[in-house]
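# What the coordinates show
Here's the letter readout for the chains.
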Amino acid sequence: MTITATAANQLRPIGPVDLAAERAAVGPVLEEALLRVLRSGQYILGPEVEAFEKAFAAHCGVPNPGVAVANGTDALVVALRAACVAPGDHVVTTPFTFFASAGAIAWMGATPRLADVELDTGLLDLEKAEAACDSKTTAILPVHLYGQMVDIKGFRALCDKRGISLVEDCAQSHGASRDGVNCGQLGDAAAFSFYPTKNLGACGEGGMVLSRHEKVVQKARRVREHGSPVRYTHAELGTNSRMQGLQGAALNCKLPHLPGWNARRAAIAARYDAALKGSSAVVPLVRRANSVHVYHQYTVRIVDAASREAVLERMRAKQVNAQVHYPSPVHMQEAAKPWGYRPGDFPNAERLAREVVCLPVHPFLSDADVDRVAETLLAAASAP
Ligand SMILES: Cc1ncc(COP(=O)(O)O)c(C=O)c1O
């Protein structure tokens, strides 16, 4: 059956997130909690944030309370500083990520050294990361992209072998695990984002640093408040990046929902897998064995890259809003010029940037929505 233009306009739009549905799922406790903070006047840090620092670390299986900061980018900067990365150091990371992963390294004065990703997962390639290490490398910063963890035990072993730090970018992977290890557990420091569209999102900006090392946590706490262990005593340089009380309260209300929301994302992903199986035009990225993937994104490659924009346009015409994360790799951004890379340096990242499409996968989609997205995609990708 072909859908006429008028009928398409009557279709319910399907997009990457549904924050209204999420708010409704959390229920009145969310508004009550926000009002409680408003009335208490505990606008910055305070008991709600402290409770969340403990609850989120426990959720991730990390023994120390987290350090709640203003956003995920700050979490990366503070995590790098707390893991003893210094200006002038080299930090190896991926060219296929949101720019913040590499940008945070440069912003704190170190130099990003990039290594290509695996074509089938989009994750930083362990062997290529090792090859990118040099005598100035003091840390590796892998990104658990789209909700799937990198080979964390392999990266841990590599960092131990070289005596350098492992800093995990967990902005897209709340609740993920691989080979029995949760994200945030094996790194010397881990950075999370609670941007509203993440698997666990605040009602505004938020971030957190986790570490299994008490010393790293203490340093992160100091860096968060201008290097100040005691008021008006500044032992080292830092910044002001404290989580707001309102965000702590919102996150406390949402955290108990995270496992259920992630399970629904995984069920949606399985439905997409089944619907797309056998297509030669649309190839889903791969989930590794022993990996609990939390599907921040469900990502496919449109193998005939020339047609990707047309595919997106045809889907939009049917009210299905798929997204491209990320259309241009880090090393091809203007801001990355000083790092000295050129187009062609990371062929897998460049190919993925041309081919990927992220389908709606938020937990408030119905099975019928998922089927409609898959059918729309397959029709769009096979149209002449
Ligand atoms: C992989 C990755 N790292 C870091 C960040 C930065 O987080 P924030 O937007 O909270 O600063 C994001 C956010 O989109 C991200 O996706």
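In the block above lies the structure referred to throughout.
Grouped together as the largest cluster of nonpolar side chains are 111 residues, with contacts concentrated most on V78, A79, L80 and V209. In terms of residue count, the dominant contributor to this core is helix α5 (residues 72-82) (7 residues). The residue makeup of this core includes at least three contributed by each of domain 1 (24-255) and domain 2 (257-382). If we ignore the near neighbours within four places in the chain, the residues touching L80 are V85, V91, A104, I105, M108, A110, A139 and V167.

A word on unusual backbone geometry. Note that the residue after H325, namely Y326, is joined by a cis bond; omega there is 20°. Tracing the backbone shows Y326 in the loop between α12 (308-317) and α13 (347-355). Despite not being glycine, N290 has its phi angle at roughly 60°, a positive value. Of note, N290 is situated in the loop between β10 (282-284) and β11 (291-292). Among the residues examined, N290 registers 11 C-beta atoms within 10 Å and is labelled exposed.

Around the ligand sit 15 residues, and of these G72, T73, F98, A171 and S193 come closest. Broken down by secondary-structure element, the contributors of at least two residues to the shell around the ligand are α5 and α6 (100-107). Of the residues contributing to the shell around the ligand, the split by class is 5 nonpolar, 8 polar and 2 charged.

About the cut-offs
Residues numbered from 1 in each chain as written. Predicted model: local features only at pLDDT ≥ 70, side-chain atom pairs only at ≥ 80, totals over all residues. Core = buried A, V, L, I, M, F, W, Y, C linked by C-beta atoms within 7 Å. Buried ≥ 20, exposed ≤ 12 C-beta atoms within 10 Å, placed from the backbone. Helix = DSSP H or I, 4+ residues; strand = E, 2+ residues; numbered from the N terminus. Domains from an automatic or database assignment. Contact = placed C-beta atoms within 7 Å. Near = placed C-beta within 6 Å. Nonpolar A, V, L, I, M, F, W, Y, C, P; charged D, E, K, R; others polar.

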